[in-house]
Amino acid sequence: MGLLSDPNRRRALISLLTRLNAPICVVCYMAGVAWFMGLAFEPFTLRTYMSENAMGSTMVEERFPAGERALATGREFSAHKKKVGGMPVDWLVKTMQARGLEVFTQRFSRTLPFPDENKERYLVKGTNVYGILRAPRAPRTEALVLSAPCTPGDNNNQAVGLLLGLAQYFRNQVYWAKDIIFLVNEHDLIGMQAWLEGYHHTNTTGMDWSPLQGRGGSIQAALSLELSSDVITSLDLVLEGLNGQLPNLDLANLFYAFCQKIGVLCTIQGKLQRNDWDSVSGYSHSVQTMMLMVMKQASGRPWGDHGLFLRYHIEAATIKGINSFRQYKSDTTTIGRLLEGMYRKLNNLLERLHQSYFFYLMPSLSHFVSIGYYMPVIDYILLLICALDLWVQLATPPPRTEDGVADTEQMSSPGVLSVLTPLVISHLTGVEVAVEHFPVSETEAVVLTAIAIYTAGLALPHNTHRLLSGEGTEQGWKVLKLVAVLYLAVLLGCTALINFSLGFILALTLVPVAAFVTPHVPKILSAFILVILSPACTLLFSVFFFQELQEMPVSFIDGWMLFLSVISQGILDHSLYGSLVYPLIALLVYPCWLLFWNILFWK
Amino acid sequence: MKILTFFSLFSTFLSANSINVEENAGQFFSSGHTNNWAVLVCTSRFWFNYRHVANTLSVYRSVKRLGIPDSHIVLMLADDMACNHRNPKPATVFSHKNMELNVYGDDVEVDYRGYEVTVENFLRVLTGRLPPSTPRSKRLLSDDRSNILIYLTGHGGNGFLKFQDSEEISNVELADAFEQMWQKRRYNELLFIIDTCQGASMYERFYSPNLMALASSQVGEDSLSHQPDLAIGVHLMDRYTFYLLEFLEDIHPASKANMKDLFKVCPKSQCVSTPGHRTDLFLRDPGSALITDFFGSVRKVEITMETINLTDLIKEAEQKNIHTTANLQFPPLHLSSFLPYLTPYPQKPKQKDWHPPDGFILGLWTLILLVFFKTYGIKHLKHIF
């Protein structure tokens, strides 16, 4: 007889599972965490390599000569920006036209749901200016984008200057097979969102923008430039986009290949690569780089202007120039040459970048971990959940007992009801938290209201019990736990597929909760642990941890203010760009956690 | 006196010359071909396959320089590199870096271009099964006295060659096409050169006579590209064809270089892959086949004032042939025997793989069984008998 169809063997397996449930859970969880830590260990990672045949190696001759002129243009831009007190639209239009581009502008405006205190804006009005360099001999079917943001103050002037310098150089070449769009966007992400929506004729976020007069074909790749100094010591690559989406790894490979060819220091997450992977400090350096990427990806916000392109299946990355205290500095001509080389290679593309990975983690710029290697982490942790729910199922006696039909009826109906009520009430609480339209207009008021509703949910069990008929039954909480555990498994599985980092961080904290919560554990202690492991506190700890990783540790008060601003940014991201992290946590993760809270206070 | 010696010298010289010419007349027909054709195919498209087009165009250039006219060349290019949007020097295709040699020129005649280069069209050109509306420039109008050069380049693998990213031609198809050509007597001798990865697999299946094949790499090896040009941004040539081009640049229409020199082109130190060749189906000795027999269109012209009796000389030549080609039993070479359908050409025996003799395997099994039963006892034997 087979292993599972033989009743004797099955009973033996079941008893084994029931007996060993606790060790299995612990082992699975530890295995998942250990696998994750092992991902940063260099022998377990792969070196990056170019997958796209059309891009080949870095064989182009870069001849961009005009770095100094680009800086002069940047200074002119900054002077005009100060004069106008915003974006110098007329000057930009005139300069781009002088370089032979077809120039168009786009106006946009948006009222935020509540004032954004980080960037100090509430009613946003702006203009985007973009110029299209038409390919001399090609049909206008494909395009590449180079963008630089227009930020207030002294930032990013050199970026706009370099953009205009490159535009002039590119205009003199005959080998362009795609149109190149040079975009200067105002109010960074909001302007970029308006431009992208106008370009693709979609309106997902309710912004008000004027339609685009000129278009260039389907965009194959985009680069966003942030450069605030005349000389740089290193270039930083930012990959994480909206909802944790990443561009194709080939774009990062291209950047790295050119950095090596031209001889510029390149970093990712602001951390320079180290060669000593076998030492403890070297390994912890890779772990820190990887954890930074995980944190940034889990937050679901775009970390550069490129982040919004990814939604339209346009591979995009942001290149930031960093000027720190190193001896060897590279000038603007070198950066111009690097960008020229990258654009010449992107010009050779025949189809969108698709040969390399879309889901990966990078412990350093030259090594990566693909989805095939990091998925087992989630698998192990969810295996734990499967073990758990099997256990719960088996610990619940089957409805067909020999005690008679009346008994079972009595037992099953409170089962269904007892499960439904907490579920519905939890979700309603979640919906309250996720409500967008607030009558108040202060950021702090919004955020504190959200937290207040969150905390009010903690009082839920006492209220649900009044509505319940079959309170305090053994059967009831087991069924509820089964449902909650299944719900958590499905939720975490789906989240991990789309945004692995978010799924992993939630799994790290919520799965132990699911494992040990029963009404029989000591109440005060487990209530405390449950609150510590709730999504909100996870967020709080993540904020502190993130600041530590970036080597800018904060005090508790600053950390708390940062935590509040993170929540408000999450709500704003959702309403401005359609980020899904906040609704996910508020509507799905939090009710799930509330179910476990209910189980704890079942009696 | 002086005039007499001069006259005697002159007469001896003339007679020697005429004997020379008479001997040479026998050799006029020794190679057997009267016209030359070339079919040059590039099967890859896209800008990063620039080198395949440059390969084909450089062989085209050599073949034209050595005398084959455009009317006898079928040139098939799968993509237009000269006018590609990404070409920084439009209307040129370079084969050497620093733009030394433009193989595109202004007198290139492409017969099959772009999407017309398909496996079907290639096979139709070879076998001659083209629709009646096909113009002459797209036809291979060869006869049984034609020597054909076929050059293929592109991306290939073990047993196939890729055409344009959408289809493949297999080595079996190619061998069958050549057999069709043989049955219809569309060639006298055929030289097949292929420059792709694992190119030797393409000639493994040939079985028709009078074929000689060269490939740039063996099975399991990749053919590598030669040099990139940084201004253009692509590799310009493949190694094998680059060194082949250099070798051909030294050949002029009167040169006597033979096929054995061609086999030495691009040794492993230069090519990284191991070029291969196949001559077992070729009935002449490769050392007696000149390069210009395939790559050029050489008209043999010797001016003589004498009348030459051809039938006698053929008999003399046949005597010589029987003595020198000791192992082969050829029927006597009469002029009438050049008519193809009267006597079939004998073929060299095929090489079979070695199998152990049949009884050996049976004996081995019996031995194994006996040993088995000896060790485990005789009583198990009764289960068999």
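The structure presented is a predicted model; accordingly, all values stated were derived computationally and were not measured.

## Things to note about the overall build of chain B
Moving on, step 1. Each helix and strand in chain B was counted, giving ten helices and twelve strands.
Moving on, step 2. Burial analysis of chain B (385 residues in total) assigns 47% to the buried set.

## As for the overall build of chain A
Moving on, step 1. Counting its regular elements, chain A contains 19 helices and twelve strands.
Moving on, step 2. Of the contacts formed within chain A by residues at least 6 apart in sequence, a portion of 82% connects residues at least 24 apart.
Moving on, step 3. Put simply, chain A shows about 25,300 Å² of open surface, and 62% of that area lies on carbon and sulfur atoms.

## Some points on the sheet that holds strand 12 (residues 367-370) of chain A
Moving on, step 1. One open sheet accounts for three strands, arranged 1-12-11 (chain A); its pairing is antiparallel. Strand pairing shows two members of the sheet lacking a second neighbour, strand 1 (46-47) and strand 11 (360-364) of chain A, which therefore form its edges.

## Quick look at the UniProt feature "active site" (unreviewed entry) in chain B
Residue and element names in this part refer to chain B.
Moving on, step 1. Under the present numbering, the feature "active site" (unreviewed entry) in UniProt falls on His155 and Cys197. Across 43 residues, the annotated set stays spatially compact, with a maximum C-alpha separation of 6.4 Å.
Moving on, step 2. The exposure class of His155 is partly exposed, given its relative accessible area of 24%.
Moving on, step 3. Those residues in contact with His155, other than ones at most four positions away along the chain, are Thr43, Ser44, Asn49, Arg51, His52, Leu161, Lys162 and Thr196.
Moving on, step 4. At a separation of 2.8 Å, a polar atom in the side chain of His155 contacts the side chain of Asn49.

## A look at the interface of chain A and chain B
Moving on, step 1. Facing the 20 residues of chain A at the interface are 17 residues of chain B.
Moving on, step 2. The largest contributions to the chain A side of the interface with chain B come from Met59, Arg137 and Leu350 of chain A, which together make up 42% of the buried area.
Moving on, step 3. The tally of links between chain A and chain B comes to zero salt bridges.
Moving on, step 4. At the surface where chain A touches chain B, the tally comes to eight residue pairs in polar contact (both at pLDDT 80 or more).
Moving on, step 5. Considering only residue class, the side of chain A that touches chain B consists of eleven nonpolar, three polar and six charged.

## Remarks on a nonpolar patch on the surface
Residues and elements named next belong to chain B.
Moving on, step 1. A cluster of nonpolar side chains, Phe360, Ile361, Leu364, Trp365, Leu367, Ile368 and Val371, forms an exposed patch at the surface whose accessible area comes to about 710 Å².
Moving on, step 2. Mapped onto the secondary structure, Ile368 falls in helix 10 (residues 358-376).
Moving on, step 3. With relative accessibility at 46%, the residue Ile368 sits in the partly exposed group.

## Some details on unusual backbone geometry
Moving on, step 1. With a phi close to 60 degrees, Gln269 of chain A is a non-glycine residue in the positive phi region.
Moving on, step 2. Take Gln269 of chain A: its relative accessible area is 10%, and that puts it in the buried class.
Moving on, step 3. Phi at Ala91 of chain B is positive, roughly 70 degrees, even though this residue is not glycine.
Moving on, step 4. Within the element layout of this structure, Ala91 of chain B appears in the loop between strand 2 (73-77) and strand 3 (112-113).
Moving on, step 5. The exposure class of Ala91 of chain B is partly exposed, given its relative accessible area of 43%.

## Things to note about helix 5 (residues 239-249) of chain B
Moving on, step 1. Helix 5 of chain B sits mainly inside the fold: eight of its eleven residues count as buried.
Moving on, step 2. Turning to helix 5 of chain B, its buried residues number three or more, namely Tyr240, Thr241, Phe242, Tyr243, Leu244, Leu245, Phe247 and Leu248 of chain B.

## Let's talk about the confidence of the model for chain B
Moving on, step 1. Of the residues in chain B, 78% have a pLDDT of 70 or more, and the chain-wide mean is 82.
Moving on, step 2. At the level of chain-chain contacts, confidence expressed as ipTM amounts to 0.78, with global pTM at 0.82.

## Focus on the environment of Trp391 of chain A
Residues and elements named next belong to chain A.
Moving on, step 1. Position of Trp391 relative to the elements: it lies in helix 10 (residues 371-395).
Moving on, step 2. A relative accessible area of 22% places Trp391 in the partly exposed class.
Moving on, step 3. On a C-alpha basis, the gap between Trp391 and Leu20 in space is 9.8 Å, while along the polypeptide they are 371 residues apart.
Moving on, step 4. Look past the residues within four positions of Trp391 in its chain and what remains in contact with it is Thr18 and Asn21.

## Some details on the sheet that holds strand 4 (residues 142-150) of chain A
All names here are of chain A.
Moving on, step 1. Strand order in the open sheet made by the nine strands is 6-2-3-5-4-7-10-8-9, with mixed pairing throughout. Each edge of the open sheet carries a strand with a single partner, namely strand 6 (208-209) and strand 9 (265-268).
Moving on, step 2. Two elements, strand 4 and strand 7 (residues 218-226), share six bridges in a ladder whose sense is parallel. Looking across to strand 7, one finds that Ser147 is bridged to Ser224.
Moving on, step 3. Contacts from helix 5 (residues 157-171) reach strand 3 (121-133), strand 4, strand 5 (179-186) and strand 7 within the one sheet, and its direction differs from that of strand 5 by about 160 degrees.
Moving on, step 4. Contacts from helix 18 (residues 556-577) reach strand 2 (102-116) and strand 3 within the one sheet, and its direction differs from that of strand 2 by about 135 degrees.

## Concerning the pairing of strand 3 of chain A
Residue and element names in this part refer to chain A.
Moving on, step 1. Burial of strand 3 is extensive: ten of the 13 residues sit out of reach of the surface.
Moving on, step 2. Remark: four residues form the turn of the hairpin made by strand 2 and strand 3, two consecutive strands paired antiparallel; Glu120 in that turn has positive phi of roughly 55 degrees.
Moving on, step 3. For strand 3 and strand 5, the ladder comprises five bridges, and the chain directions are antiparallel. Bridging across to strand 5, Val129 finds its partner in Val184.

## Observations regarding the packing of aromatic side chains
Residues and elements named next belong to chain B.
Moving on, step 1. One pass over the structure, following the stated rule, counts 32 aromatic pairs over all chains.
Moving on, step 2. Seen in terms of ring centroids, Phe178 and Phe206 are 5.0 Å apart; in terms of plane orientation they differ by 75 degrees. Their pairing is edge-to-face. Linking Phe178 in helix 4 (residues 171-183) with Phe206 in the loop between strand 8 (189-195) and strand 9 (211-215), this pair joins segments that are 28 residues apart in sequence. Each member of the pair Phe178 and Phe206 is classed as buried.

## Thoughts on the state of the cysteines
Moving on, step 1. Scanning all chains against the criterion turns up two disulfides over all chains.
Moving on, step 2. With a sulfur-sulfur separation of 1.8 Å, Cys259 of chain A is cross-linked through a disulfide to Cys266 of chain A. With the S-S dihedral at roughly -75 degrees, the linkage between Cys259 of chain A and Cys266 of chain A falls on the left-handed side. Taken as a pair, Cys259 of chain A and Cys266 of chain A share a single burial class, namely buried.
Moving on, step 3. Linked covalently through their sulfurs, Cys266 of chain B and Cys271 of chain B form a disulfide whose S-S length is 1.8 Å. Between Cys266 of chain B and Cys271 of chain B, the S-S torsion sits near 100 degrees, and that sign places the bridge as right-handed.

## A look at the pattern of salt bridges
Residues and elements named next belong to chain A.
Moving on, step 1. Within the structure shown, the criterion is met by 25 salt bridges over all chains.
Moving on, step 2. Between Glu62 and Lys261 there is a salt bridge, with the nearest N and O atoms lying 3.1 Å from each other. Of this pair, Glu62 sits in the loop between strand 1 and helix 3 (67-84) while Lys261 sits in helix 7 (residues 249-262), and the two are 199 residues apart along the sequence.
Moving on, step 3. Look at the salt bridges and you will find they share partners, linking Glu102, Arg134 and Asp179 into a network.

## Describing the side chain of Thr92 of chain B
Moving on, step 1. Mapping Thr92 of chain B onto the fold places it in the loop between strand 2 and strand 3.
Moving on, step 2. Here Thr92 of chain B is in contact with Tyr50, Ala82, Asn87, Asn102 and Tyr104 of chain B, once residues within four sequence places are set aside.

## Some details on the packing of helix 1 (residues 7-19) of chain A against helix 2 (residues 21-38) of chain A
Residue and element names in this part refer to chain A.
Moving on, step 1. At a minimum axis separation of 4 Å, helix 1 and helix 2 run at an interaxial angle of 65 degrees. Taken together, the axes of helix 1 and helix 2 are roughly perpendicular relative to one another. Each of Leu17, Thr18 and Arg19 in helix 1 lies in contact with helix 2, whose residues at this interface are Asn21, Pro23 and Ile24.
Moving on, step 2. Classifying every residue of the contact of helix 1 with helix 2 by side-chain character gives three nonpolar, two polar and one charged.

Here is what the cut-offs are and how they apply
- Residues numbered from 1 in each chain as written.
- Chains lettered and ligands numbered in written order.
- Predicted model: local features only at pLDDT ≥ 70, side-chain atom pairs only at ≥ 80, totals over all residues.
- Heavy atoms only, no water.
- Helix = DSSP H or I, 4+ residues; strand = E, 2+ residues; numbered from the N terminus.
- Buried < 20%, exposed > 50% of the residue type's maximum accessible area, 1.4 Å probe, protein only.
- Contact = heavy atoms within 4.5 Å.
- Areas by Shrake-Rupley, 256 points an atom, 1.4 Å probe, with all protein chains shown as cover.
- Pairing = 2+ DSSP bridges.
- UniProt positions renumbered as here; feature names shortened; annotations may be inferred.
- Polar contact = N/O pair within 3.5 Å; in protein donor to acceptor, adjacent residues only side chain to side chain.
- Buried area = accessible area lost by both parts, 1.4 Å probe.
- Salt bridge = Lys/Arg side-chain N within 4 Å of Asp/Glu carboxyl O.
- Nonpolar A, V, L, I, M, F, W, Y, C, P; charged D, E, K, R; others polar.
- Patch = residues over 30% accessible without salt bridge, like charges linked within 9 Å, V, L, I, M, F, W, Y side chains within 5 Å.
- pLDDT = per-residue confidence, 0-100.
- Axes fitted to C-alpha atoms, helices over the stretch in contact; angles between N-to-C directions.
- Phe/Tyr/Trp six-rings, centres within 6.5 Å; stacked < 30°, edge-to-face > 60°.
- Disulfide = S-S within 2.5 Å.
- Parallel < 35°, antiparallel > 145°, perpendicular 65-115°, else oblique.

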